[in-house]
Amino acid sequence: YDEVKRYRNASEDRPKFISLMVSLLSDSSQLSLKQITALQYHIGRMYEEVKQPDSAIVYYEKSLKGEPNYEVIHRALAFIYLEKSKPFVALANSTKLSKDVEGNATAYNEYKKLVQKAVPYLEKYQACSPDEETLSIIINLYKSIKDAQSVATLPERLKVLGTTCVTLLDDE
């Protein structure tokens, strides 16, 4: 694990380090829960950096099981899901222009599913590290899926979510 700690922030040879960390994780009997959680986070981060978002999601989700309040993972997951929604936005726009009602409805529904996955993560991040830009994104996402009720109740949810924030992942 100490070797992994030295390399987890290195920028070269990501696939090699991912492989090393996954291997270490597969025999985790010598690791503490905090070390496993940190390792899963770093594997997710590296997968995200090498443009493998589906693999990143898997490891970020595993890491959240060990530390559900780590705000950085919430932000990462939110933006992965929002990135995955972009093709559906483009498809919805093109099907709207071509008056393809069924295609537009399908694209919108897929977009909506991804927004609904992203927003809870974004809310947790906003509750822990509030800023106007993130708040604006959340509100606009709710408006884009026609969810005025969630906009109205957002301040209360943020207040509750903000009581259990972890800003630094401890592995000791």
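Here, the structure is the one placed above.
Description of the structure in this document.

Cut-offs used in this document
Residues numbered from 1 in each chain as written. Predicted model: local features only at pLDDT ≥ 70, side-chain atom pairs only at ≥ 80, totals over all residues. Heavy atoms only, no water. Helix = DSSP H or I, 4+ residues; strand = E, 2+ residues; numbered from the N terminus. Buried < 20%, exposed > 50% of the residue type's maximum accessible area, 1.4 Å probe, protein only. Contact = heavy atoms within 4.5 Å. Lys, Arg positive; Asp, Glu negative; His and termini not counted. Charge placed at Lys NZ, Arg CZ, Asp CG, Glu CD. Core = buried A, V, L, I, M, F, W, Y, C linked by side-chain atoms within 4.5 Å. Expected span 1.5 Å × (residues − 1). Arc of directions from axis to C-beta. Salt bridge = Lys/Arg side-chain N within 4 Å of Asp/Glu carboxyl O.

1. Side note on the overall build of the protein chain
Working step 1: Assigned secondary structure in the protein chain consists of 8 helices and 0 strands.
Working step 2: The linear arrangement of helices and strands in the protein chain, starting from the amino end, is α-α-α-α-α-α-α-α.
Working step 3: Across its three principal axes, the protein chain shows a C-alpha extent of roughly 55 × 35 × 25 Å.
Working step 4: Taking all 172 residues of the protein chain together, the buried fraction comes to 40%.
Working step 5: In the protein chain, of all internal contacts separated by at least 6 residues, the share reaching a separation of at least 24 is 57%.
Working step 6: Between the centroid of the 23 positive side chains of the protein chain and the centroid of its 24 negative side chains there is a distance of 4 Å.

2. Focus on the nonpolar core
Soluble globular proteins tend to pack their nonpolar side chains together in the buried interior.
Working step 1: Core analysis: the largest hydrophobic core is formed by 41 residues, its most contacted members being Ile 43, Tyr 60, Ile 73, Leu 77, Tyr 81 and Leu 141.
Working step 2: Broken down by element, this core gets its largest block of residues, 8 residues, from helix α6 (residues 101–128).
Working step 3: Not counting chain neighbours up to four residues away, the residues in contact with Tyr 60 comprise Tyr 41, Gly 44, Arg 45, Glu 48, Ile 73, Ala 76, Leu 77 and Ile 80.

3. Observations regarding helix α2 (residues 14–26)
Working step 1: Under the 1.5 Å per step criterion, the end-to-end length of α2 is 18 Å for 13 residues, consistent within 8% with the ideal 18 Å.
Working step 2: Looking only at α2, the buried set comprises Arg 14, Phe 17, Ile 18, Met 21 and Leu 25. The arc that holds every buried residue of α2, seen down its axis, measures 105°, which confines them to one face. Exposed and oriented more than 90 degrees from the buried face of α2 are Pro 15, Lys 16 and Ser 26.

4. Some words on the pattern of salt bridges
Working step 1: What the rule picks out here adds up to 6 salt bridges.
Working step 2: Arg 14 is the salt-bridge partner of Glu 49, the closest N and O atoms lying 2.6 Å from each other. Of the two residues, Glu 49 sits in helix α3 (residues 33–49) while Arg 14 sits in helix α2, which places them 35 residues apart along the sequence.
Working step 3: A salt bridge links Glu 49 to Arg 45, with the shortest nitrogen-to-oxygen separation between them at 3.0 Å. With Glu 49 and Arg 45 both in helix α3, this residue pair falls 4 residues apart, about one helical turn.
Working step 4: The exposure class assigned to Arg 45 is buried, which follows from its relative accessible area of 12%.

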